Every structure is written in C-alpha cells, then in structure tokens.
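Observations on the three-dimensional arrangement
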4 protein chains.
Amino acid sequence: MILQLEPQASVPALAAHLAEQGYKTTDVTTQHAHYLVAIGKKDFDIRTIGQLPGVRDVHQVSDDYQLVSRKWRVKPTVIDLGDGVTIGEGSLALCAGPCSIESEAQMEKVMDHLLENGVRLMRGGVFKPRSSPYAFRGLGMDGLRLFHQLARARGIKIVTEVMQVSQVEEMHDYVDVFQVGARNTQNYNLLDALGGVDKPVLIKRGISGSIEELLSSAEYVFSGGNEKLILCERGIRTFETASRNTLDLNAVPILKEKTHLPVVVDPSHGIGLRDYVPAMALAAVLAGADGILYEAHETPETAASDGQQTLNFAESGRLIRNLRRVYALRGELE
Amino acid sequence: MILQLEPQASVPALAAHLAEQGYKTTDVTTQHAHYLVAIGKKDFDIRTIGQLPGVRDVHQVSDDYQLVSRKWRVKPTVIDLGDGVTIGEGSLALCAGPCSIESEAQMEKVMDHLLENGVRLMRGGVFKPRSSPYAFRGLGMDGLRLFHQLARARGIKIVTEVMQVSQVEEMHDYVDVFQVGARNTQNYNLLDALGGVDKPVLIKRGISGSIEELLSSAEYVFSGGNEKLILCERGIRTFETASRNTLDLNAVPILKEKTHLPVVVDPSHGIGLRDYVPAMALAAVLAGADGILYEAHETPETAASDGQQTLNFAESGRLIRNLRRVYALRGELE
Amino acid sequence: MILQLEPQASVPALAAHLAEQGYKTTDVTTQHAHYLVAIGKKDFDIRTIGQLPGVRDVHQVSDDYQLVSRKWRVKPTVIDLGDGVTIGEGSLALCAGPCSIESEAQMEKVMDHLLENGVRLMRGGVFKPRSSPYAFRGLGMDGLRLFHQLARARGIKIVTEVMQVSQVEEMHDYVDVFQVGARNTQNYNLLDALGGVDKPVLIKRGISGSIEELLSSAEYVFSGGNEKLILCERGIRTFETASRNTLDLNAVPILKEKTHLPVVVDPSHGIGLRDYVPAMALAAVLAGADGILYEAHETPETAASDGQQTLNFAESGRLIRNLRRVYALRGELE
Amino acid sequence: MILQLEPQASVPALAAHLAEQGYKTTDVTTQHAHYLVAIGKKDFDIRTIGQLPGVRDVHQVSDDYQLVSRKWRVKPTVIDLGDGVTIGEGSLALCAGPCSIESEAQMEKVMDHLLENGVRLMRGGVFKPRSSPYAFRGLGMDGLRLFHQLARARGIKIVTEVMQVSQVEEMHDYVDVFQVGARNTQNYNLLDALGGVDKPVLIKRGISGSIEELLSSAEYVFSGGNEKLILCERGIRTFETASRNTLDLNAVPILKEKTHLPVVVDPSHGIGLRDYVPAMALAAVLAGADGILYEAHETPETAASDGQQTLNFAESGRLIRNLRRVYALRGELE
C-alpha cells in the first residue's frame, strides 16, 4: 500500500496508526513527493486510511515492488536530462558510444558522429568490470572528467557505469545518467546509495536476473528517494551459445505493462555480434522500447574492449536513420 | 563437401574415389537435384574433385549441417504451396488459426476471418502432444479430413502437426505443410520419414534446442530427400517465468545468415500471453522473419487448449494489418 | 482420484456414475491391477465413491500425475527382471556397457568384465539417436539379436534404447528393459505404445525436461497399462559449459519423495567427462539413487561413440567396488 | 606465466625485461610469497626466464586464472583459522548456523548445539542481501560484535557475509572468514578490497555464474594479495522449479581438478528445501567437497529468513554424524 502524503503530514502518527493495523511502514521522500510505503495484510479497508489527516491519496499495490508499479502510477515516467534531452514515452531515446572511453581523439570522433546524426546522448565506460583481474579496467576519474568537459562543450549528455558506493560522490558532477551494470543489479548497497542522489539511474537487468528482480532493484533506488529511473534489457544467460547472450525482447512489453518507468534495450551486449545488432535494435522498437543503447566506435576492430559487437560509424548512421523510421511507423500502427 | 551431380553420374565410382581420399559419402536425391555429401578431412584440393566425371559442382561446407547451409546455396529457398501461396523471401507469410481443430463451425469462422484479411494459410492441430495423458489429444484423422475439405473449398492451405512416422502416410493427402513440433525436433525417425515425402515440412525449434540442433534436424529431412523446409522459432526454456517461454528473436538473424531456408516465428507459444503476442510478432518481422504463425480463435476463452495465448478476431485483424505495414517498411529501410 | 477395482467391477456403470459427479474417467488395466483414473473437481466426498460396487479402494491424488504418485502407492515399486536381477529398493542396481553395440568381440569382453564384477545388467545401443544424419546410427536389429544371444547365454539382462513405435514389436523379444532416451521423453506415441507391452521401461529425463514432465511421461506409460517403470536422471541443459550436461542430483531425493518408482542415475551422460564420472556416481548413491547406469568399454578411446565419457575396465571395476561400499554405508546411516 | 620471486628480486628490471618479450606483468605480493604474473604470448622459451636474477621458479599456466590454478600449485591449499580449525584437504570442514543472526539467546543455542557435536565453525548473516528493500536486512555491526564476543568465549570461528567495500575494515576484527555472497561474486571492487586483507575469504559461486567465472573471481582476490581463499558451490539458476536452485555437484570434482583451493558446498541454498538438504550434503562429500556449510536453527519455522531450508537441531546433529561416517569411508575408497 502506498500513501501519498500532504506536506504537513505527521509521519510518526500515521506510522503508529498503521502499525496498530499490522503494517510495517517505510518513509520515502523523493525529489518529487513524500510517500509512506506500508507492507502487511492486504484485506484492510482502504477508505479508513484515505481519511487520515495528511494523506493525499492511497493506492493498493499487491506486488513486491510497489513504487515502480504501473498499478499505482498509470502515467509513464519521462526522465528529463535538460537541454531538451529526454528518456521515456513521446520520443525514442538514442544513446551510442564506445564500450570504453580511450582518448580525447576517440571521444571527439564519436561526438562528431553523434551530433551529425542528431543524437545527444553518449555512453562510454570509465570504470570497467572485467572478469579477469589482468584486463584493462578503464581510464577512471581522469577519463570521466575529460569525457564531461568534451560533452558539455557540445551539449551531449553522458551515461556511464558506476561500480561502487564510493564512486557515487566523485562521479556525481560529471555524469548525466548513472548506469548500474548487469553484474551490480543486485548490489543493494550501491542501489541504496543511488537512492540518495538526484541524478537519473539506468539499471541493467542482471545476467540471469528475472524481470521481477529488475523491478525490485528499481524499487530499492526509488524507496531510497530517487524516482528518476530507467530500466534496460541487455540479454540473459541461457544454454544457447550462438549468441553472446540471449537478448530477451519479451521483457520489453512485460516491463512496459508492469511499470511506469522507461524501458530501453542494449542490443550490443544482448546479442553480442555486430552483424546482428541492427536487426535486434529495430525489433526492440516494435517490441515497445523507449530507447536504444548501443556501442559505436570509429574502428571497432581496434577498440579496447567489445569490438566484436560494436558498430562503425557508417553502420551506426544507417541504424539511426532506420530506427527513426521504425519509431515513426510505430506511432501510426493501430 | 557437397557434390552436385549430373544425371549420368556414377555414384558408386565417385563414392569409391572419395573413400580412397578418406571421405564417407551419403547419396542424396531430392525433388530437385542429386547430391553426394562427403564427410571427412577438410584440407583436400577441391579442384581435383570438381573435374571428376558426373560432377556438376563442388562446394566446401565445413559445418555439421551441409545441405541447409547458406555457405553453399546463397539464394534463399522459397516454398511454393501452389495457388500463389508461398513461404520465403519476397513476401511475408501469415498463418493463423486455433491451437486445436474443434468443430466444423469453429473452422468455418476462422476461415472466414482469414479470407476477409487476405490470409490463405491456416494452422490447427488434429494430433496434440499433451504432457498429461488425460488431456484432450485432438480430433485425429476425422478432424483432418474435415479440415482439408473445408480448406480446399476456400483455397486455404493447411499447416498441421505430425507426431509419428505412421501418421505421415495417412495425413499426406490432407496437409499442405507437415509441422514437426518442439517435442519432436529430434525425433530422427520422424525426420527420416519426412525426408521421403514431397510435401513441405515446417520444423519448430526444440524447447531447449540450440540453433545448431535445429539446423541439424533440417539436414536430416533434406538429406532424406526433401528440400522443402521451413524453420520456426517458437521460444526456448530459460529461468524466466514471467513469460511462458522466452521467444528468442536472436535466432532469426542468426538463422537467416546460416541457412538458405525460410525462417518463421510463432509468437503465441513464444511468449505465451495474449497481450504481448502482437508486439513480439511485429518485432519478429524487423528481426528478419519470413513469416508469422500465431493462434487465433473466435472466442479464445473457450478454446480447447492454449486460450491464454490466442488472439480473438479483432486482435488478429489488427495484427495482420500492422504486420503488413511493418513488412512494407522493412523493404524500404537502408 | 484413483479407484482400484474388483475383478467383477462394472466399468461403464462406475464411469457413468462418476460422470454425473463431474469426473472424466480413464480405464487403466495393467499387468497387476485394474484402475479407474478420475479427473475433475477435488472436493467430492470420497467415502460415497468407496462404497460403490466393484470399488476395492479409492485414493485422492491431486497432482497431474496420479498413478505414479507416492501419495497413492506408498510402497516402493521393485522391478523384477527374473533370475534374481531387480531394480528398486532393497538393492543397488548396477548397469554398464558401451554407448553403442559394435561387434561380438566387444560385447563378449564387456560381458566378461561385468560377470567378473558380479554385474548382470548391461546397457548398449543398437539404435542411436544422432544429431547429425551422417553419423553412425547403430547396428540395428542384427546387432540386437546378437546382443540378446550372447547375453542369454551368460544370464545377463539387456537395457537398450527404443526410438519409435514400429521398433517396439520387433525389439520386444530381445530386450529386458526398453530405454526411452532423453530426446524421446515427450514422444507420446512411443510412450503410449510402451504402455501396451509387458516389459519394463526405463525413461530418461528430457534434455531440458522438468521433474514434473518426467513424472507425466511415466504416467503415460502406466495409464497405458504398464506399471513396470524406472526413471533415470541423466543431466539437464544449463548455461554451464565446463560439463557436457549438468547432472541434477537434486532430482533424486525429489523424485524419491514424489513417486513410488525406482530412480536411477546415468553419470556418464550427466557430466560427460570420464574423470568425473566416478565421483558423480558415488554421490548419486548418497542422494538416494536405486541404481547407476554408466558407460564402460575395453578401450574407450576407440569407441564408436561417447568415448570421452566412457570408463575402461579397470576404472569400471574400481567404481563397482566403491559403489557397493557406499551403498552398504547408506543402509547404516541414521 | 607465474614467476615466483626471491626476496631480493628487482621487479622493475624483470617487468621491463618481460615487456620487451611482449608480456604485461602484474606484481603480486601475498601473505606468503611474491609473484610476478605475466600475460602475453604463450610460446616463449621458459628456461631463459627462469635464469633471470631474482626468479625462484617459473610456471607456465595457460588459463585466464593463473594463481588459483592447480596446474601451477599442485599441493592443495589448506586454510588455517587457528585453534586447530582448518578448511581444506585432510579434514571435513563443517560449518552451520542460522541464515540471520537474530539475538543473543538464538546464537547461544546454536553454539551449544555446535559444540555438543564438535563443530567449531559457525555461519550467520548480519548484513543480509534481500531482493525487496522492505525486508529484514540484518542486525548489522551491533549483531556482529555480539556474535564475535559469544563465539570467542567458546572457541568458535565465524563465517559471515560482507556486502561492500566500506564494511571490510569495520568487520575485519570480528570475523574469521569473510563470505562473498552469490550476488557479489562479480563485485570486483569488493574482491579487490578483500585482496588487501589478511583474513580468509569464502567466495560463493554466482547465481548464474560459470565455474570459470568463479575461478576468475578468486584470481582477483589472490592477485590483490590474499591467498587464503575458499570456493563454495551453492546452486545455480536453471529452468527447474521443483528445487529453489539447482545445486551443481558437478562443479565439485571439476573445481578440485582445476584449482588448489578448498571447495565447500552449501546444500541449504543449493536445493532450498529442508527435507532434501541432508541427502545433498552427503552426496557432496562423495563428489569431493572439502566442507559443508548449511543452515541450522533451533526452530526453523520461526527463523527471520530462509526457514524453509533450515534444519532443526535434531536433524543437524544426525547430519553431522552421517557426514563424518561418509567422509571416513571416502578416505578408504579405492
């Protein structure tokens, strides 16, 4: 049960009243509103609660995830990154860039490519989770500061991965969207920490994470105080070895029905093979995605990581144009 | 290695010659041509074989599946069902109908619905594989004869499942496409038997079948003598329980690159929930599918089986119109 | 609901009576008894049915699988193959042999090895399901007749795979246990056909078959009239590639609780790597297995198939001695 | 390639020399020794490197994981927790306790139970990763300090989960073994941090982590400077829903062959259902496990978490006695 509170509400009084009825409450204050989430029995008469002083509205939500549920908030959430860049219904968000930030020259080339194609959202990792301790782990904060400086100068917004709690503060001023990677989807301390900042967070589905677990991870950040959330399907682990992962487009319509949050798709990690990335990106739009996040690099074959799933600029430009045509058609379908 | 033979070729002489070189050969005669498939070492000088008497052409194919490989036959295969109904590149094949054939009235209503929407391919099971021995197993041959009679009268082609070798002959005259279900993808005796008939065969991917296993199953039928094959992605088994199966659209572009055979998608079994079927069907077209096979019924809630994933006629009509618009756009993309 | 009937019971009268109460009935006559399986509502007063004429006993079983459920038949089923060879509680059944029957000399060597070690159950395939149509498919009926002749002369019982309905009759007189392979676990026509013979059937779990599906497959054979069933865990398909399959020993205690049928384990296909087979075989006994089925060959490196998971005779002899010690200890544990 | 160094070795000189040969080096100093790990081409003449000044020994290891590989260190690692408590070959490590630490009374009862059964290793969570943000998250540091005080007084060693980098330092003096949970197996910052402390670390396999990824995670900690590592199989995510997870005992013999580190098994999370935990624990010992970690509680039905997979004291006592008998037999097998 979610209680949306008036500014003058007395949380202790409401919590005590609900405790008597058998509810455990969590006080949630976000950028936008003040809520009391109550967990407990489900057959209580909702009207008596709605009449308590300080309660603006009451919603009964029976799922484990509450605040991210569409049963409560019917209107889709749109994330506004400023300067006219948004993620959510009403537009198709496009975000491209290299797996890893490598150098000033590399970033400038990608940015030029994006701007030529009207894309103003760039992805690029400065902290890289690598399964081998001996692999390249990214340029770190120096790389991020440079990334930020170049992006700001061009009106480009940055999406980049945060890997641990201590990075949240140091990265804060240099990112537009914090990305939580597939290996950290259930890193609850990190999710808690991101609940405390006023920056959008894009949460990738876990490598073998269920749809419900992804929603629960989002609930962590929201209940920590941050409503600005984006969910990302990026492929799951199955028995099939012909693709790197199995991009699960089924998750897109299912998530869109269950949550009010925007849902984007990463076909690069999803299928993991360059030749197939465009087809899966286009398919994702018709599955209902609010945006596409993919890897692009001037010369994928020399990229520091993930080159085999990265598009070159010609392929990327073509994909952008095709995505826009498909998105336009989506709006016209019955 | 595939040797395409001249009519006058001496197979014993060629086989003996290849055996000396360390190859084991299989003689394959299909509706369209005569081949010798040679398995063995891979570093032989192909030119000396190409000059043997009776050999029209030689193709080196290093995969386990040979005859179905696109490395050998570059031109996509198109299955012609007669009366202008085809499956394969150049058109989008649409095939709909109930999970199970139930009655004359039911079939007539579906056929009317299909014809109103310009669809001339109907699916419907008369032999139903059911996990419980106490469940409805279909109307059998009586149902099929009636299905055939009604379809012929309307110019509609029939796709229906064959479950065992003994049914191949009795069903033969009443079907246009034999369907091999997901539980029989590796029923090699059935595949062998279907290699011996001159009717198209649609092979569904196994419930946990790899893409390579699907191609190997097709190789069985082709090497048995039947080139008229269609592959069908219908969802795989993963850990995710939010959908009935995980429709693996990744398989579509991968199969299209690996084989010259048409690839169709069954979103009804794939995601298993009616509300999400249209989105996945549309996505499948952009992933590259040559056709869509889905379940439709006048009143899904009363269907004898699979009602929860079956579209009603209004939903089905809308889907058909949308699929055609998407397919038209696909042809215009860069 | 299962009704165990008296010899003089009138099935039509009982079925009609139950139909009035809303039950659909299936008449099941096996080697041992006569049953009526009733599917329908679950809140009926069982006592009124127990008093009907011809009803010996009534059991309420709420699962999809009924006749194979331990909720109904508490006493474990023991399969008696004659000559003192049994499979089921009270002894540890050991069954070994090559993947494929290759020659008279090969079989004699294996039989000598087994008899030296007191094992009188031999496995060996004459019909081999192979994913490639060009691979060795077994010696067929000629091989089986020879296998049978050699085994009879030595008091050895035969377990071998049946792949299709038409083989059931021709193989019948030459096998002691029909094996249904992992690719045919849901070949319902084959299961139906095996319900009609009076020979034990060993059903392997499907490659990605759930425990419940395995029980449902057994229900097919039982409800077809054959109570002599053995279930076999043989590894499932998961994301892990370090082993050929993932031998799921969890299935052993779960199956032993759910069904009265014997449960055996095949560690050779399960883990698929020779060095690890003995450890998994021993573990399986403590997990509760009633028997172990594994691959042994005089010279695994020259075996026609599956050599990489086959033990040589020295390894096999050692395993047999260790299995017996572990089984003896199992009987002494608290 | 691993170079074991003499105390007086000049790392810069060696690194420079190896860089000329095309190797990238990582300097690793652990509690026990000083190494240089070199990644690069694999066909170099190892003898010329072995003769460089300061090099004690050179090992060629071709896997991604190097320092944890058994190809290099053949002798099994034994972790000594002091006071005669060890984990590794030569004994069977038993570790039991509640999922969550709840109260002083609860801990005292568990400790009494363990000591009565000669077990001196106790598990219990104070920081609990929970998929819902509204669930009980553990007693935190207050609970741990009390846990430590009670354990020290009784000579009991503590295994408890660390969830983030900032906890490593505050927990350090109160734990005997840091546990990395299945959701943090690829939390590389946490692994890095644990590489910097001189306390044993038990790493659980990821929920869908491959065996190779588990070894790579251990390589992180080892290359960070901490050799005291234990690996734990705890069940993987598959399609099967009859058990909570699929305990993968195949991983035990495979890990024991690939690494010199001790391998323990957690059957409680592995199968997730109390009735089946003892069978899987016993099976794990014959699969080759060096220890068993399971959940025990005075009254599982009232436990704060995971009650459905927790043994009561009578069940736990019986399991301990049986485990010891099985382990004794393991030592006697051929």
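In this text the structure is predicted, and so the values were computed from the model without any measurement. Every chain begins its residue count from 1, and numbering advances along the sequence as written. Each chain gets a letter, beginning with A, and each ligand a number, beginning with 1, in the order they are written. For a predicted model such as this one, the threshold for reporting local features is a pLDDT of at least 70, and the threshold for listing and counting side-chain atom pairs is 80 or more; totals across whole chains, interfaces and linings nevertheless cover every residue. Side-chain metrics in this entry use all non-hydrogen atoms of the structure; hydrogen atoms and water are not considered.

Description of the interface of chain D and chain A
- Contact with chain D, which involves 35 residues of that partner, is made by 35 residues of chain A.
- Interface of chain D and chain A: buried area, both sides summed, is about 2900 Å²; carbon and sulfur atoms make up 45% of it.
- Salt bridges, as used here, are contacts in which a Lys or Arg side-chain nitrogen is within 4 Å of a carboxyl oxygen on Asp or Glu. Applying the counting rule to chain D against chain A returns four salt bridges.
- For the salt bridge of Asp192(D) with Arg137(A), the shortest nitrogen-to-oxygen distance reads 2.6 Å.
- A 3.5 Å cut-off defines polar contacts: any pair of N or O atoms within that distance qualifies, except that in protein one atom must be a possible hydrogen donor and the other a possible acceptor, and neighbouring residues in sequence count only when both atoms are side-chain atoms. Our enumeration of links across chain D and chain A arrives at 17 residue pairs in polar contact (both at pLDDT 80 or more).
- If you list the elements that add at least two residues to the side of chain D that touches chain A, you get strand S2 (24–29), strand S3 (34–39), helix H5 (165–171), helix H6 (188–195) and helix H7 (211–223) of chain D.
- Segments assigned H or I by DSSP are reported as helices when at least four residues long, segments assigned E as strands when at least two residues long, and all are numbered from the N terminus. Per-element accounting of the side of chain D that touches chain A gives the leading share, five residues, to H7(D).
- For this scheme, ten residues count as nonpolar: Ala, Val, Leu, Ile, Met, Phe, Trp, Tyr, Cys and Pro. Four count as charged, namely Asp, Glu, Lys and Arg, and the remainder, Gly too, count as polar. Each residue belonging to the side of chain D that touches chain A can be placed in one class, and the counts come to 11 nonpolar, 15 polar and nine charged. We call two residues in contact when some of their heavy atoms are within 4.5 Å. Once two parts are brought into contact, the accessible area they lose, counted with a 1.4 Å probe and summed over both, makes up the buried area.

Focus on the relation of the copies chain D and chain A
- What sets the superposition is a least-squares fit of C-alpha atoms, and only residues with pLDDT of at least 70 in both copies go into it. Superposing chain D onto chain A requires a rotation of 180° together with a translation of 0.0 Å along the rotation axis, leaving an RMSD of 0.0 Å. On this basis, the relationship between the two copies can be described by a two-fold rotation axis. For chain D, the smallest separation between a C-alpha atom and the rotation axis is recorded for Ser208(D), amounting to 2.9 Å.
- Most of the interface of chain D is mirrored in chain A, where 100% of its interface residues again form contacts.

Points about unusual backbone geometry
- Even without being glycine, Asp306(A) reaches a positive phi, approximately 65°.
- The backbone phi angle of Asp83(B) is positive, close to 55°, even though this residue is not glycine.
- Residue position: Asp83(B) is located in the loop between strand S5 (79–80) and strand S6 (86–87).
- With relative accessibility at 55%, the residue Asp83(B) sits in the exposed group. Note on classification: 1.4 Å probe, protein chains only; a residue is buried when its accessible area is under 20% of the maximum for its type, exposed when over 50%, partly exposed between these limits.

A few points about the pattern of salt bridges
Residue and element names in this part refer to chain A.
- Taken as a whole, this structure holds 80 salt bridges over all chains when the rule is applied.
- Here arginine 205 and glutamate 233 are joined by a salt bridge, their closest N and O atoms 2.7 Å apart. Of this pair, arginine 205 sits in the loop between strand S11 (201–204) and helix H7 (211–223) while glutamate 233 sits in strand S12 (residues 229–233), and the two are 28 residues apart along the sequence.
- Accessibility expressed as a relative area gives 1% for arginine 205, which makes it buried.
- We classify glutamate 233 as buried; its relative accessible area is 1%.

Focus: the domain arrangement of chain A
Residues and elements named next belong to chain A.
- Considered domain by domain, chain A is made up of domain 1 (2–59) and domain 2 (79–332).
- Annotation comment: domain bounds sourced from an automatic or database domain assignment. Taking only C-alpha atoms into account, the centre of domain 1 sits 35 Å from that of domain 2.
- On the domain 2 side, the residues contacting the seven residues of domain 1 number eight residues.
- Roughly 590 Å² of surface becomes buried between domain 1 and domain 2 when both sides are summed, with 51% attributable to carbon and sulfur atoms.
- Across the contact surface, domain 1 and domain 2 share zero salt bridges.
- Taken together, domain 1 and domain 2 are joined by five residue pairs in polar contact (both at pLDDT 80 or more).
- A breakdown of the residues in the side of domain 1 that touches domain 2 according to their chemical character gives three nonpolar, four polar and no charged.

Section: the pairing of strand S9 (residues 157–161) of chain D
All names here are of chain D.
- Most of S9 sits inside the fold, with five of its five residues counted as buried.
- Residues Lys157, Val159 and Glu161 line one face of S9 and the alternating positions Ile158 and Thr160 line the opposite face, and both faces are buried.
- Looking at chain direction, strand S8 (residues 121–123) and S9 are connected through three bridges and run parallel. Directly across from leucine 121, in S9, lies its bridge partner lysine 157.
- If the strands point away from the viewer and the path from the first strand over the helix to the second runs clockwise, then the crossover is right-handed. Once the chain exits S8 it traverses helix H4 (residues 140–154) before rejoining the sheet at S9, and the crossover so formed is right-handed. Strands are labelled as partners when DSSP assigns at least two bridges between them.

Section: the packing of aromatic side chains
All names here are of chain A.
- Between the rings of Phe, Tyr and Trp (Trp by its six-membered ring), a pair exists once the centres lie within 6.5 Å; its type follows the angle of the planes, with under 30 degrees stacked, over 60 edge-to-face, and the other angles tilted. If you walk through the whole model with that rule in mind, you get 16 aromatic pairs over all chains.
- Residues tyrosine 188 and tyrosine 220 carry aromatic rings whose centres are separated by 4.5 Å and whose planes lie at 15° to one another, so their mutual orientation is stacked. Here the residue tyrosine 188 occupies a position in helix H6 (residues 188–195), and tyrosine 220 occupies one in helix H7, the gap between them amounting to 32 residues. Here the two residues tyrosine 188 and tyrosine 220 agree in accessibility, since each one is buried.
- In this structure an aromatic cluster arises from ring pairing among Tyr35, Trp72 and Phe222.

Quick notes on the sheet that holds strand S2 (residues 24–29) of chain B
Residue and element names in this part refer to chain B.
- Ordered by their spatial adjacency, four strands build an open sheet running S2-S3-S1-S4, and the pairing between neighbours is antiparallel. Every other strand in the sheet has two partners, leaving S2 and strand S4 (55–59) as the edge strands with one partner each. With direction set aside, neighbouring strand axes in the sheet form an average angle of 20°.
- One ladder, built from four bridges, connects strand S1 (residues 2–5) with S4; its direction is antiparallel. For leucine 3, the partnering residue across the bridge sits in S4 and is valine 58.
- Helix H1 (residues 11–20) rests against S1, S2, strand S3 (34–39) and S4 of the sheet, and its axis sits at about 15° to S3. Axis lines are fitted through C-alpha atoms, for helices just across the contact stretch, and the angle between N-to-C directions can take any value from 0 to 180 degrees.

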